[in-house]
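Remarks on the overall topology
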Amino acid sequence: MKSDIHPKYEAVVFNDLASGVSFLTKSTVSSKKTIEWEDGNTYPVIDVEISSESHPFYTGKQRVMDSAGRVERFNSRFKGFGGKK
């Protein structure tokens, strides 16, 4: 690998603003904002709006859309549109 062309890969804390959960992982993103983690070390922190802790797909609180009704309404609305002349 060439030196000095790759971003710095370091430990970073991601803070989920929706659920208040934080987790430590490695990433190439960085931040001037820091936080002292449970191990006593200081790490850069990245605030995220949503993560797997708060996303409805992962928490099981997702809503099921009535897609069959929507398709039927679309078909009835545009029936005959663009038909053969």
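Residues numbered from 1 in each chain as written. Predicted model: local features only at pLDDT ≥ 70, side-chain atom pairs only at ≥ 80, totals over all residues. Heavy atoms only, no water.

Labelled according to an unreviewed UniProt entry, the protein chain appears under the name Large ribosomal subunit protein bL31B, originating from Pseudarthrobacter psychrotolerans. Under the UniProt heading Subunit (unreviewed entry), the entry covering the protein chain gives this text: "Part of the 50S ribosomal subunit." Taken verbatim from the UniProt record of the protein chain, the Sequence similarities (unreviewed entry) comment is "Belongs to the bacterial ribosomal protein bL31 family. Type B subfamily." (UniProt positions renumbered as here; feature names shortened; annotations may be inferred.)

**Section: the pairing of strand β2 (residues 22-27)**
Pairing analysis gives 6 bridges linking strand β1 (residues 10-16) to β2, with the strands arranged antiparallel. Note on β2: the bridge partner recorded for Val12 is Thr25. Counting the residues that bridge the hairpin from β1 to β2 gives 5 residues, and of these Gly20 lies at a positive phi of roughly 80°. (Pairing = 2+ DSSP bridges. Helix = DSSP H or I, 4+ residues; strand = E, 2+ residues; numbered from the N terminus.)

**Digging into the nonpolar core**
Grouped together as the largest cluster of nonpolar side chains are 5 residues: Ala11, Val13, Trp37, Tyr43 and Val45. Every residue in contact with Trp37, bar those within four places of it in the chain, is listed here: Val13, Ser22, Phe23, Leu24 and Tyr43. (Core = buried A, V, L, I, M, F, W, Y, C linked by side-chain atoms within 4.5 Å. Buried < 20%, exposed > 50% of the residue type's maximum accessible area, 1.4 Å probe, protein only. Contact = heavy atoms within 4.5 Å.)

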